[in-house]
Amino acid sequence: MTLTELVLALVVAAALSVPRRSWRYFGLLATATHEMGHAVAALISGQRLSGIRLRLDHSGTTTTYSRSRLASAWSCFWGYPVPAIVGAAFVWCGFNGWGPAAIMAGGLALAASLLFLRNLAGILITVTAMSASVLLILLVPEAFVGHVAVILGVALLVAAVRDLIKLAHLHLRRRERLASSDAYLLWRATSVPSGVWIILFAALVAGSWLWAWQPISTVLYAGA
């Protein structure tokens, strides 16, 4: 990827994830990724996954059942970090020739999530994202699929930061709505203060940005 191509990719990623109008739509993908983080963590820890609900207002719910409070806390934790981790993985794949594989894997993960979706809005969001993945593979020239993976990855990284800011604002200014906060639910499950969980979310998001920044900085410095 040349410096010019990288700059254009970053501009497109910002256009997807920063303006309010485009965020209205791209944020739905970030929410789906967030809820899939909960779902995968629940399955890994042996919990029963009852269902996933995605809503057009960017909210979502993943319902799991477990007798272990530790397992419940584990699945609750991975919502906020996963969009950043997936974003960084997409960036790495885009720079290392694995862009088509990353987009295909994302599409397959979305397809698998259909088994657990329990509302029409969630199915609509997921099918739309899956269709976009298929079209990207079929219509975008192979040489540029890696660029698309970088764009999606950076946009998801920005989305993770946006959601963290929203979470912090909820705890600072809108405490009447704390029941919807993963950090609050983690406090209820573990007695560890919500602020500690928010710091841990932020640390993983920052680590994901650092991972993604390494290949980006190589191109930037080479072109400077």
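Let me sum up the structure you'll find in this document. (Residues numbered from 1 in each chain as written. Predicted model: local features only at pLDDT ≥ 70, side-chain atom pairs only at ≥ 80, totals over all residues. Heavy atoms only, no water.)

With respect to empty space enclosed by the protein
So, step 1. In this structure the tally under the stated criterion is one cavity of 30 Å³ or more.
So, step 2. Looking at the largest cavity, its volume works out to about 30 Å³.
So, step 3. Lining of the largest cavity is provided by A32, E35, M36, I52, L54, L110, S113, L117 and T126.
So, step 4. Going through the elements one at a time, α2 (20-44), β1 (48-54) and α5 (99-113) are the ones with two or more residues in the lining of the largest cavity.
So, step 5. When grouped by side-chain class, the residues that make up the lining of the largest cavity number six nonpolar, two polar and one charged. (1 Å grid on protein atoms, 1.4 Å probe; cavity = no way out; pocket = protein on both sides within 12 Å on 5 of 7 lines; lining within 4 Å. Points joined across faces, edges and corners; volume = space filled by probe spheres on them. Helix = DSSP H or I, 4+ residues; strand = E, 2+ residues; numbered from the N terminus. Nonpolar A, V, L, I, M, F, W, Y, C, P; charged D, E, K, R; others polar.)

Description of the side chain of S208
So, step 1. Positionally, S208 belongs in helix α9 (residues 194-223).
So, step 2. We classify S208 as buried; its relative accessible area is 4%.
So, step 3. Residue contacts for S208: discarding those within four places in its chain leaves A84, I85, A88 and L157. (Buried < 20%, exposed > 50% of the residue type's maximum accessible area, 1.4 Å probe, protein only. Contact = heavy atoms within 4.5 Å.)

A few points about the nonpolar core
So, step 1. In this structure, F26, V154, L167, L186 and F201 are the most contacted members of the largest nonpolar core, which totals 44 residues.
So, step 2. Breaking this core down by element, the ones donating at least two residues are α1 (3-17), α2, α3 (69-77), α4 (81-95), α5, α7 (142-173), α8 (182-190) and α9.
So, step 3. For this core, the element with the most residues is α7, which contributes 16 residues.
So, step 4. In contact with F201, not counting residues within four places along its chain, are F77, Y80, P81, L164, L167, D182, A183 and L186. (Core = buried A, V, L, I, M, F, W, Y, C linked by side-chain atoms within 4.5 Å.)

Remarks on the layout of surface pockets
So, step 1. Its volume calculated, the largest pocket comes out at about 1100 Å³.
So, step 2. Together, 36 residues line the largest pocket, and G60, Y80, S180, S181 and D182 are the ones closest to its centre.
So, step 3. Mapped by element, the contributors of at least two residues to the lining of the largest pocket are α2, β2 (60-65), α3, α7 and α8.
So, step 4. A per-element tally of the lining of the largest pocket places α2 first, with seven residues.
So, step 5. Class assignment of the residues belonging to the lining of the largest pocket gives a composition of ten nonpolar, 16 polar and ten charged.
So, step 6. In this structure, the second largest pocket spans a volume of roughly 890 Å³.
So, step 7. Together, 35 residues line the second largest pocket, and L29, T33, G106, L110 and A129 are the ones closest to its centre.
So, step 8. Contributions of two or more residues to the lining of the second largest pocket are made by α2, α4, α5, α6 (120-139) and α7.

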